Amino acid sequence: MEASANDYGTPKSRLAYSAAPVKSLPVKDSRLGLAILHALLEQLPIGVVVANGKGRIVILYENEAAQRIRVSDPAKAEWPMACALLLGEVVRGEEIDIVMSDGTRRWVSDSATPIRTGANGAGGAVVTFADVTANRQAAAWGPVIESRR
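Okay, so let's go over this structure. Every chain is numbered independently, its residues counted from 1 as its sequence is written. Under the rules for a predicted model, residues below a pLDDT of 70 receive no local features and side-chain atom pairs below 80 are neither given nor counted, while totals for whole chains, interfaces and linings still include all residues. Note: side-chain values were computed over all heavy atoms of the structure, leaving out hydrogens and water.

**Thoughts on the nonpolar core**
Formed by 18 residues in total, the largest nonpolar core has its most connected members in Ile-69, Met-81, Ile-98 and Phe-129. The biggest single contributor to this core is helix α4 (residues 79–87), with 4 residues. Contacts between residues were defined by any pair of non-hydrogen atoms, one from each residue, lying within 4.5 Å. Excluding residues within four positions of it along the chain, Phe-129 makes contact with Ile-46, Gly-47, Val-49, Ala-66, Ile-69, Ser-109 and Asp-110. Put simply, buried Ala, Val, Leu, Ile, Met, Phe, Trp, Tyr and Cys residues joined by side-chain atoms within 4.5 Å make one nonpolar core. Between buried and exposed lies partly exposed: a residue is buried under 20% and exposed over 50% of the maximum accessible area for its type, with that area taken using a 1.4 Å probe on protein chains only. Strands here are runs of E lasting at least two residues and helices are runs of H or I lasting at least four, both read from the DSSP assignment and numbered beginning at the N terminus.

Below you can see the structure in the form of structure tokens.
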């Protein structure tokens with residue numbers, strides 16, 4: 001695709017962008033809708049896990065970012081999911097210290113929400129998490145850096 005220049009000499013794209021808010025995707029084909037959703041979830045820089053909570057917890061989906069994080073203490077890492085599934089609670093930005101399966105320690109910020117399928121509670125849950133170890137380390141070094149100025 002060749003771009004032309006606008007009045008200021010900068011390249012102008014032939015793609016049209018809309019500034020209007022999009023409330024929902026006008027997708028009539030469910031296969032296309034699922035393909036869009038899958039592509040979106042795989043591009044997110046955070047881990048996303050979807051679980052079914054009927055009886056035994058079954059992971060229905062986890063994106064690539066979620067698959068990269070394997071912990072040695074799954075009960076601790078699954079706490080936000082348990083809150084959403086069992087108690088119907090929404091968890092936002094809870095930071096937990098985890099030990100990876102290779103022994104390294106990491107901090108992750110977890111959020112979880114129940115998937116409400118009716119009056120009888122959560123039929124599943126969506127959990128998202130992001131590695132915030134670098135943020136924690138930077139915050140810890142802040143006072144040291146300030147003392148050197």
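**What about the pairing of strand β5 (residues 91–99)?**
On a regular strand, one side chain projects to one face of the sheet and the next to the other, so that they alternate. Two strands are said to pair when DSSP picks up at least two bridges between them. One ladder, built from 7 bridges, connects β5 with strand β6 (residues 105–116); its direction is antiparallel. Pairing of Ile-98 across the sheet is with Arg-106, part of β6. The antiparallel pairing of β5 with β6 creates a hairpin that spans 5 residues between the two strands, and Gly-103 there sits at a positive phi of about 95°.

**Here we look at the environment of His-38**
Turning to its location among the elements, His-38 is positioned in helix α1 (residues 30–43). On the basis of relative accessibility, which here comes to 42%, the residue His-38 falls in the partly exposed class. Between the C-alpha atom of His-38 and that of Asn-63, which follows or precedes it by 25 residues, the distance is 8.6 Å.

**So, the sheet that holds strand β4 (residues 58–62)**
Sheet architecture is open: 5 strands sit in the order β4-β3-β7-β6-β5, paired in antiparallel fashion. Both edges of this open sheet fall to β4 and β5, since each of them pairs with a single strand only. In this sheet, neighbouring strand axes are inclined to one another by 30° on average, regardless of whether the strands run parallel or antiparallel. Relative to β4, strand β3 (residues 47–52) is paired through 4 bridges, and the arrangement is antiparallel. Directly across from Val-49, in β4, lies its bridge partner Glu-62. In this analysis, axes come from line fits to C-alpha atoms, helices being fitted only over the stretch in contact, and the angle between any two N-to-C directions falls in the range 0 to 180 degrees.

**Quick notes on a nonpolar patch on the surface**
A grouping of Leu-34, Leu-37 and Leu-40 is seen on the molecular surface, where their side chains present a nonpolar patch of about 300 Å² in accessible area. Among the secondary structure elements, Leu-37 is positioned in helix α1. Grouping into patches uses exposed residues only, defined as over 30% relative accessible area, and leaves out salt-bridged ones; the cut-off is 9 Å for like charges and 5 Å for nonpolar side chains (Val, Leu, Ile, Met, Phe, Trp, Tyr). Where accessible areas are quoted, they stem from the Shrake-Rupley method and a 1.4 Å probe; at the residue level, only the protein chains shown are allowed to cover. When a carboxyl oxygen of Asp or Glu is within 4 Å of a side-chain nitrogen of Lys or Arg, the pair counts as a salt bridge.

**Focus: the packing of aromatic side chains**
Side-chain rings of Phe, Tyr and Trp (the six-membered ring for Trp) are treated as a pair once their centres are within 6.5 Å; stacked means planes under 30 degrees apart, edge-to-face means over 60, and tilted covers the remaining angles. Scanning all chains against the criterion turns up 0 aromatic pairs. By the criterion adopted, a ring carries a charge over it if an Arg CZ or a Lys NZ lies within 6 Å of its centre and within 35 degrees of its normal. Looking at Arg-136, its charged tip hangs above the ring of Trp-107, at a distance of 3.6 Å from the centre.

**As for the pattern of salt bridges**
For the coordinates displayed, the defined rule picks out 4 salt bridges. When the shortest N-O distance is used, the salt bridge between Glu-64 and Arg-68 registers 3.5 Å. We note a salt bridge from Asp-97 to Arg-105, for which the minimum N-O separation is 2.6 Å. We classify Asp-97 as buried; its relative accessible area is 16%. Residue Arg-105 is classed as exposed on the basis of its relative accessible area, which comes to 52%.

Everything listed here is a matter of coordinates, which is why it stays silent on function.
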